[in-house]
Amino acid sequence: MAMFQEARQTAIERTKDNTDSTPPDIESLAVSEKVKSRKESSSSSDSDSSGDSDSDSYSSDEKSKSKTKKDTIKKKTNGSDSSEEDIGPPLPPDMLAANKTKRSEEEDDIGLPLPLAIRGAGGKDSDEEDSEEEEESLDRKIPSSHEIVLNHGVKPVSALALDPSGARLVTGGVDYEMKFWDFAGMDVSLQSFRSIRPCECHPIKQLQYSSTGDTILVVSGNNRAKVLDRDGFEKMECSKGDPYLLDMANTKGHAAMLNSGCWHPKTREEFMTCSNDCTVRLWDVTMEGKKHKQCLKPRTQQGRKVIPTTCAYSKDGRWVATACQDGSIQMWDHNKSFVNVSMVNRNCHSNGSDTSCLCFSYCGRILASRGGDDSLKTWDMRSFKKPLNVVNGLDNFFSFTDCVFSPDDQMIITGLSVKKNAGKGKLLFYERNTLTKLSELEISDTSVVRCLWHPKLNQMVASCADGQVKLFYDPKKSQRGAMLSVVKAERKSRQIKVMTTQQIITPYALPMFREGRPTSTRKAEERVRKDPVKSRRPDLPITGPGEGGRVAQRGATLSQYVVQNLVLKKPDKYENDPREAILRHAKEAEENPFWVDPAYKKFEIYMKNARK
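Rules behind the numbers
Residues numbered from 1 in each chain as written. Predicted model: local features only at pLDDT ≥ 70, side-chain atom pairs only at ≥ 80, totals over all residues. Heavy atoms only, no water. Helix = DSSP H or I, 4+ residues; strand = E, 2+ residues; numbered from the N terminus. Buried < 20%, exposed > 50% of the residue type's maximum accessible area, 1.4 Å probe, protein only. Areas by Shrake-Rupley, 256 points an atom, 1.4 Å probe, with all protein chains shown as cover. Core = buried A, V, L, I, M, F, W, Y, C linked by side-chain atoms within 4.5 Å. Contact = heavy atoms within 4.5 Å. 1 Å grid on protein atoms, 1.4 Å probe; cavity = no way out; pocket = protein on both sides within 12 Å on 5 of 7 lines; lining within 4 Å. Points joined across faces, edges and corners; volume = space filled by probe spheres on them. Nonpolar A, V, L, I, M, F, W, Y, C, P; charged D, E, K, R; others polar. Pairing = 2+ DSSP bridges. Axes fitted to C-alpha atoms, helices over the stretch in contact; angles between N-to-C directions. Polar contact = N/O pair within 3.5 Å; in protein donor to acceptor, adjacent residues only side chain to side chain. Salt bridge = Lys/Arg side-chain N within 4 Å of Asp/Glu carboxyl O. Phe/Tyr/Trp six-rings, centres within 6.5 Å; stacked < 30°, edge-to-face > 60°. Lys NZ or Arg CZ within 6 Å of the ring centre and 35° of its normal. pLDDT = per-residue confidence, 0-100. Patch = residues over 30% accessible without salt bridge, like charges linked within 9 Å, V, L, I, M, F, W, Y side chains within 5 Å.

1. Overview of the overall build of the chain
Check the secondary structure of the chain and you find 11 helices and 30 strands. Burial statistics for the chain: of 612 residues in total, 35% are counted as buried. Counting only carbon and sulfur atoms, one obtains 51% of the accessible surface of the chain, whose full area is about 39,700 Å².

2. A look at the nonpolar core
Within the largest apolar cluster, 16 residues are counted, with the highest numbers of intra-cluster contacts made by Ile 413, Leu 427, Phe 429, Leu 441, Ile 443, Trp 453 and Met 460. Beyond its immediate chain neighbours, meaning those up to four positions away, Trp 453 contacts Lys 141, Ile 142, Pro 143, Ser 406, Pro 407, Met 411, Ile 413, Phe 429, Asn 458, Gln 459 and Met 460. Ranked by size, the runner-up nonpolar core spans 15 residues in total, among them Leu 150, Val 157, Val 469 and Tyr 473.

3. Focus on the layout of surface pockets
If you add up the space inside the largest pocket, you get close to 1,200 Å³. In terms of lining, the largest pocket is formed by 44 residues, of which the most central are Gln 208, Tyr 209, Lys 315, Tyr 362 and Leu 452. For the lining of the largest pocket, the elements supplying multiple residues, two or more each, are β2 (157–162), β6 (204–209), β10 (258–263), β14 (308–313), β18 (357–360), β22 (403–405) and β26 (448–454). Here the residues of the lining of the largest pocket are counted per class, giving 25 nonpolar, 14 polar and five charged.

4. Points about the sheet that holds strand β17 (residues 343–345)
Spatially, four strands are ordered β14-β15-β16-β17 in an open sheet, and the strand pairing comes out antiparallel. Lying at the two open borders of the sheet, with one neighbouring strand each, are β14 and β17. Shown here is a sheet whose adjacent strand axes are inclined to one another by a mean of 15°, direction ignored. Bridge count for strand β16 (residues 329–333) against β17 is three bridges, and the pairing is antiparallel.

5. Overview of the sheet that holds strand β4 (residues 178–182)
Either a parallel or an antiparallel arrangement is found when strands of a sheet pair, and the pairing is made through backbone hydrogen bonds. Taken in spatial order, the four strands make up an open sheet running β2-β3-β4-β5, and their pairing is antiparallel. Each having just a single partner strand, β2 and β5 (194–196) make up the two edges of the open sheet. On average, adjacent strands in this sheet sit at an angle of 15° to one another, irrespective of strand direction. In terms of strand pairing, β4 meets β5 through three bridges, oriented antiparallel. When the bridges of β5 are listed, Phe 180 appears paired with Arg 194.

6. Examining the side chain of Asp 229
Here Asp 229 shows up in strand β8 (residues 226–229). In terms of polar contacts, Asp 229 uses its side chain to reach the backbone amide nitrogen of Phe 233, at 2.6 Å. Setting aside residues up to four positions removed in sequence, Asp 229 forms contacts with Asp 214, Thr 215, Ile 216 and Lys 235.

7. Re the pattern of salt bridges
Tallied over the full model, the rule gives 19 salt bridges. For the salt bridge of Lys 226 with Glu 234, the shortest nitrogen-to-oxygen distance reads 3.5 Å. Owing to a relative accessible area of 10%, Lys 226 belongs among the buried residues under this scheme. A relative accessible area of 47% places Glu 234 in the partly exposed class.

8. Things to note about the packing of aromatic side chains
Enumeration over the complete set of coordinates arrives at six aromatic pairs. For the pair Phe 180 and Phe 193, a centre-to-centre distance of 6.0 Å together with 55° between the ring planes defines the contact as tilted. Here Phe 180 is found in strand β4, whereas its partner Phe 193 is found in the loop between β4 and β5, with 13 residues between them in sequence. By relative accessible area, Phe 193 is classed as partly exposed at 36%. Summarising the aromatic geometry, the rings of Trp 263 and Phe 271 are spaced 5.3 Å apart at their centres and angled 65° between planes, so their arrangement reads as edge-to-face. Judged by its relative accessible area of 0%, Phe 271 falls in the buried class. Each residue in the set Trp 263, Phe 271 and Trp 283 is aromatic and connected to the rest through ring pairs, giving one cluster. For the cation-ring pair, Lys 315 lies above Tyr 362, with the distance from its terminal atom to the ring centre recorded as 4.8 Å.

9. Here we look at the pairing of β26
Sheet faces and side chains relate simply in a regular strand, where the side chains alternate between the two faces. The element β26 is largely enclosed, with a buried count of six among its seven residues. Where β26 meets strand β27 (residues 459–464), five bridges bridge the pair, whose relative direction is antiparallel. Note on β27: the bridge partner recorded for Cys 451 is Ala 462. Hairpin connection of β26 to β27: four residues between the antiparallel strands, including Asn 458 at a positive phi of 60°.

10. With respect to the confidence of the model for the chain
Detail in the predicted coordinates should be disregarded across regions flagged by low pLDDT. Per-residue pLDDT for the chain has a mean of 79; in total, 71% of the residues score no lower than 70. The lowest-confidence element of the chain is helix α3 (residues 49–85), averaging 43 in pLDDT; the highest-confidence one is strand β7 (residues 215–220), averaging 96. Note on residues 42–86: pLDDT under 50 across the span, and 17 contacts to partners over four residues away in sequence or across chains. Taken as a whole, residues 105–126 scores under 50 in pLDDT and shows four contacts with residues more than four places along the chain or in a different chain.

11. Considering unusual backbone geometry
In this structure, Asn 421 takes a positive phi of about 55° despite not being glycine. Structurally, the position occupied by Asn 421 is in the loop between β23 (411–415) and β24 (425–431). Within the chain, Arg 480 stands out as a residue other than glycine whose phi angle is a positive 50°. If you trace the backbone, Arg 480 turns up in the loop between β28 (468–473) and α6 (482–486).

12. What to know about the environment of Val 461
The residue Val 461 is located in strand β27 in this model. Assessed through its relative accessible area of 1%, Val 461 is described here as buried. Excluding anything up to four places from it in sequence, Val 461 contacts Leu 160, Leu 162, Leu 169, Arg 450, Cys 451, Leu 452, Val 469, Lys 470 and Leu 471.

13. As for the pairing of β28
Burial analysis of β28 places five of its six residues in the buried class, the great majority of the element. Across six bridges, strand β1 (residues 146–151) lies against β28 in antiparallel orientation. Counted as the bridge partner of Glu 147 is Phe 472 from β28. Connecting β27 to the antiparallel partner β28 that follows it, the hairpin turn spans three residues, and Gly 467 within it adopts a positive phi of roughly 90°.

14. Things to note about a nonpolar patch on the surface
Judged by side-chain polarity, Leu 558, Val 562 and Leu 566 come together as a nonpolar surface patch covering roughly 290 Å² of accessible area. Structurally, Leu 566 is set in helix α8 (residues 558–568). Taking the relative accessible area as the measure of exposure, Leu 566 reaches 61% and is therefore exposed.

Shown next as structure tokens:
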């Protein structure tokens, strides 16, 4: 019992000493003391009930003391925090307000910035300033600070194509030529590495790389589209249709001149062509051009045939759009059957004009059309009955003038045609939503036909009617492409120096100054011997019926054959007496008067009746 009282007294003293300094683990100390006391109580075997009551009272006292100690520790920590904040003289009220605003801003700015639509009224001013800066810098996004000129020829360049990686450019013109340009392989001289004529004497109307960039679609003025590989070698040619059949769907291919064509943006094996035979056909490269996969037949409002002038796929490949000569734009859903038209607008452009281009935006909601009625229009795919915006007065003298969207989908670019010595051809830049004119870029003294804006290179290509192709770029905004060719110096041509001795030819020179001739004539005689004309070789015997005017059966030549036939011919005894030759048929005529006498008898009867 005495040992228990001593342990209790020492525990109380320790707790009193530790209240002034806050120990890290007060509860653990109390628990350890309890364990010790229990051990000591178990060791004393003479404990009685009064000892048990004392231990119970001790445990209750310990619990109450530990609670009071915790409360005092919390108060001390709170007091220390407040004392840390209030150290030093009080701050001025202005500085207190500034500190509060800074803390509130720091608390609000934790994490990523909120989107523009979710921000509150406090951030409207900064958002409006950013939008104004974007609107002002929209025309500054055009990469037109530098340019290079590629010389295709002297006639209009009617087709342009850049591969998806931007490594190669292909140009085609009405001069039937197709040229390949490799930016990584060109130097400052800017020469093409290959020139071919894929369709003989037919102008090239459309060129386009496939989605993978390994094949090129060539649409020319004939009725057979071709697919070439990257190096210009033919891989496939479409079949030719029968022009004498009434239903063009029953033919294997087009039966008239092609107008346009393009690749499917998602399926690398499928492409589309349209023709003057009033059909739009879908082809599959795996079928090797033996027959079309689908045949679409656009119709007028009265149900008659109409010629499609251009065609295009949407960016997701769902819509197949075509513009026709009656001014309509007709669309089919690629996910459904091609029997009926899904969307049609009969009054898109003027009747009888050739719409030169259809282009879908990258978002897929807007369609731009460049009409032959000198207009540029935008259409909303969700409400296709009326145009969103219209720009008139844009001269268009070619049936393949382009209109394209910028890579950020905020601008529309098209070319302007001009007459000879009547102005300058320009590239016009319009804002997509309102078709307000943002900028214009003078290209040359002739019409601008085709235009491209490559999304990966951020470079623009424009073709002119004088055979030049101009490529625009900005070193700060563009990548690779023309910038690879400009930095390379022109290769020097290898010159081979050959020292030749000057020969003086005089007719009366001494034999010692004469040039020696080869003494051996054996090789020359052998060559003459092999030549049948110089060696005067006789005609070889004929083994077959004859050849080269020679008849093998009789005589070596035709004249000998005729002479032999004359000799072998039996003599005619009536040859010298024509009277006998005629009278030899008199007896037969009397016995069987079939040809002459019956006719004369009828005539004699008629004459007798006439006399009476």
